[in-house]
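# Coordinates in review
The primary structure of each chain is shown beneath.
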Amino acid sequence: MTQVVWGWSERLCTSYAAMDETHQEFVMLCAALSENKPETFLNRLDALIAHSITHFDQENQWMEENSFPPAGCHRREHDAVLEVMAEVRRRVELGEVDLGERLAEEMPLWFEHHVDTMDNMLAQFMVKETALVESEFNAESADLQAD
Ligand SMILES: [Fe+2]
Ligand SMILES: [Fe+2]
């Protein structure tokens, strides 16, 4: 049976380019968890965890800057998945190798759902906020020119 390798696809695109750039890196690191090289699993998981901390911090900061209403819920999903990754890391190190395989299978599903809900909502909110600020700025510039 041919194994289908998970990777970046158009379905993961949001309306916010900077977010998509970070997400492409996440997908690459996440897909790498499925490589069949148990001796390097922890290194690959560490790379995904390090990326995720920065990735989630950036989104948490965007939510704060834009007063995004469901920020608490989104932030909690980030915190929860970081906790799961840390726990799996700890247990794989103790010899529960199959948990690493489970994580490699589950993370793409988690990410697709997270993008479809939380990240897309945030991306659309930021695009609208940017458009609103730009239209207010243009209206103010027009007023100044008219004076
Ligand atoms: Fe994200
Ligand atoms: Fe997110």
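Here we summarise the structure given alongside this text.

The rules behind these values
- Residues numbered from 1 in each chain as written.
- Chains lettered and ligands numbered in written order.
- Predicted model: local features only at pLDDT ≥ 70, side-chain atom pairs only at ≥ 80, totals over all residues.
- Helix = DSSP H or I, 4+ residues; strand = E, 2+ residues; numbered from the N terminus.
- Rg over C-alpha atoms; globule rule 2.2 N^0.38 Å.
- Buried ≥ 20, exposed ≤ 12 C-beta atoms within 10 Å, placed from the backbone.
- Core = buried A, V, L, I, M, F, W, Y, C linked by C-beta atoms within 7 Å.
- Axes fitted to C-alpha atoms, helices over the stretch in contact; angles between N-to-C directions.
- Parallel < 35°, antiparallel > 145°, perpendicular 65-115°, else oblique.
- Contact = placed C-beta atoms within 7 Å.
- Nonpolar A, V, L, I, M, F, W, Y, C, P; charged D, E, K, R; others polar.
- Expected span 1.5 Å × (residues − 1).
- Left-handed = near helix turned anticlockwise from the far one by under 90°.

Our focus in this paragraph is the overall build of the protein. Helix and strand content of the protein: 4 helices and 0 strands. Starting at the N terminus and walking to the C terminus, you meet the elements of the protein as α-α-α-α. Against the globule reference of 15 Å for 147 residues, the protein gives a C-alpha radius of gyration of 19 Å, more extended than a compact globule. With respect to the three principal axes, the spread of C-alpha positions in the protein is 75 × 30 × 20 Å.

Phi at S67 is positive, roughly 45°, even though this residue is not glycine. Mapping S67 onto the fold places it in the loop between α2 (41-65) and α3 (71-93). Residue classification places S67 among the exposed positions, given that 9 C-beta atoms sit within 10 Å.

Counting 12 residues, the largest nonpolar core consists of F26, V27, L29, C30, L33, F41, L45, L48, V88, L103, A104 and M107. Of all elements in the fold, only α1 (17-32), α2 and α4 (97-146) reach the threshold of two or more residues within this core. Of all hydrophobic cores here, the second largest spans 9 residues; its members include Y16, W62, M63 and A123.

The next point concerns the packing of α1 against α4. Here α1 crosses α4 at 175°, and the two axes come no closer than 12 Å. In terms of axis orientation, α1 runs roughly antiparallel to α4. In contact with M19, H23, F26 and C30 of α1, α4 contributes M107, P108, F111, V115, D119 and A123. Looking at the contact of α1 with α4, its residues break down into 8 nonpolar, 1 polar and 1 charged.

On to α4, then. In this model, α4 (50 residues) spans 70 Å end to end at C-alpha, consistent with the 74 Å of a helix rising 1.5 Å per residue. On its buried face, α4 is in contact with α1, α2 and α3.

Relative to the 36 Å expected for 25 residues at 1.5 Å per residue, α2 spans 36 Å between its end C-alpha atoms, a close match to the ideal helical length. All of the buried residues in α2 are F41, L45, L48, S52, E59, W62 and M63. On its buried face, α2 is in contact with α1, α3 and α4.

A few words on the packing of α1 against α2. For the pair α1 and α2, interaxial distance at closest approach is 9 Å and the crossing angle is 155°. Taken as axis vectors, α1 and α2 run roughly antiparallel relative to one another. Helix-helix and strand crossings are classified by hand; for α1 and α2 the assignment is left-handed. For the pair formed by α1 and α2, the contact residues are T22, E25, F26, L29, C30 and A32 on the first element and R44, A47, L48, H51, H55 and Q58 on the second. Residue composition of the contact of α1 with α2, grouped by class: 6 nonpolar, 4 polar and 2 charged.

Read these as layout, nothing more, since geometry by itself doesn't imply function.
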